[in-house]
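Each chain, written out:
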Amino acid sequence: MDVRRYILTGAPGAGKTTVALALRARGHHVVDEAATDVIAASPHERPHEHPEFLDLVVHLQRHRQEQAGATPVQLFDRSPLCTLALARYLARFAAVGPSPALVAEVRRIQEQRVYQRLVFLIQPIGFITPTAARRITYQESLVFAGIHEEVYREHGYDLVEIPPGTVRERVAMIEERLP
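Residues numbered from 1 in each chain as written. Predicted model: local features only at pLDDT ≥ 70, side-chain atom pairs only at ≥ 80, totals over all residues. Heavy atoms only, no water.

Next up on the list: the pattern of salt bridges. Overall, the coordinates contain eleven salt bridges when judged by the stated rule. A salt bridge links R62 to E66; the shortest N-O distance between them is 2.7 Å. Taken together, the residues R62 and E66, both in helix α3 (residues 53–67) and four residues apart, mark about one turn of the helix. On the accessibility criterion, E66 (45% relative accessible area) is partly exposed. The salt bridge partner of R88 is E154, with a shortest N-O separation of 2.9 Å. (Salt bridge = Lys/Arg side-chain N within 4 Å of Asp/Glu carboxyl O. Helix = DSSP H or I, 4+ residues; strand = E, 2+ residues; numbered from the N terminus. Buried < 20%, exposed > 50% of the residue type's maximum accessible area, 1.4 Å probe, protein only.)

Structure below.
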């Protein structure tokens, strides 16, 4: 059976997870974001500053992708390309970059065409609500969003912009594009 895996991406605080939860409530197979769970499980105050952080995210993303089963249509709250965007974003502040594990995973998803080329880019809603996992200003989230767009376009993905609106409107825009 052909499995079609679609990615939801965008700036932190843009509403991806809220949209993903609404899609799940409507019966869609949604795979949760990995980074938030890695942050929650970390003993460190600022987990993203530790060298193992990106590899832990990559490992959990791959595990979740492999465990998602054969449901014909799957929606992923972020992907390894988002982790690559995070590596580039973090490189602005410290001498870190994509690890060998991240580079290998990006190569694998590209070569195996793991994800559909159509990616849903959830646009920022105009503000950000800080959480334990989201410690970024709105302006920085816009910079991070730009890096996401750049990474996906570099890797040949077609971005469908999902503008600010109600959750119902955003979900409807995504559902119109799904098979």
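From this point on, the discussion continues.
This next bit is on the environment of V171. Among the secondary structure elements, V171 is positioned in helix α7 (residues 167–177). Classification of V171 by relative accessible area gives buried; the value is 4%. Ignoring any residue separated from it by four or fewer positions in sequence, one finds V171 in contact with V19, A22, L23 and R26. (Contact = heavy atoms within 4.5 Å.)

Looking at where E33 falls in the secondary structure, it is placed in the loop between β2 (29–31) and α2 (35–41). Among the polar contacts listed, one links the side chain of E33 to the side chain of T36, at a separation of 3.2 Å. A polar contact of 3.3 Å, which involves the side chain of E33, links it to the side chain of R78. Ignoring sequence-local partners within four residues, the contact set of E33 consists of T17, R64, D77 and R78. (Polar contact = N/O pair within 3.5 Å; in protein donor to acceptor, adjacent residues only side chain to side chain.)

Whenever strands of a sheet pair, they do so through backbone hydrogen bonds, lying parallel or antiparallel. Ordered by their spatial adjacency, five strands build an open sheet running β2-β3-β1-β4-β5, and the pairing between neighbours is parallel. Strands with a single pairing partner mark the edges of an open sheet, and in this sheet they are β2 and β5 (158–162). Within this sheet the neighbouring strands show an average axis-to-axis angle of 30 degrees, counted without direction. Direction of pairing for strand β1 (residues 4–10) relative to strand β3 (residues 73–77): parallel, over a ladder of five bridges. Along β3, the bridge assignment pairs I7 with F76. (Pairing = 2+ DSSP bridges. Axes fitted to C-alpha atoms, helices over the stretch in contact; angles between N-to-C directions.)

Here the focus is the environment of Y152. If you trace the backbone, Y152 turns up in helix α6 (residues 138–154). Considered as a pair, Y152 and L121 are 31 residues apart in the sequence and their alpha carbons are 9.8 Å apart. If near-sequence neighbours (up to four positions away) are discounted, Y152 is found in contact with I7, T9, S79, L81, C82, V119, Y157 and L159.

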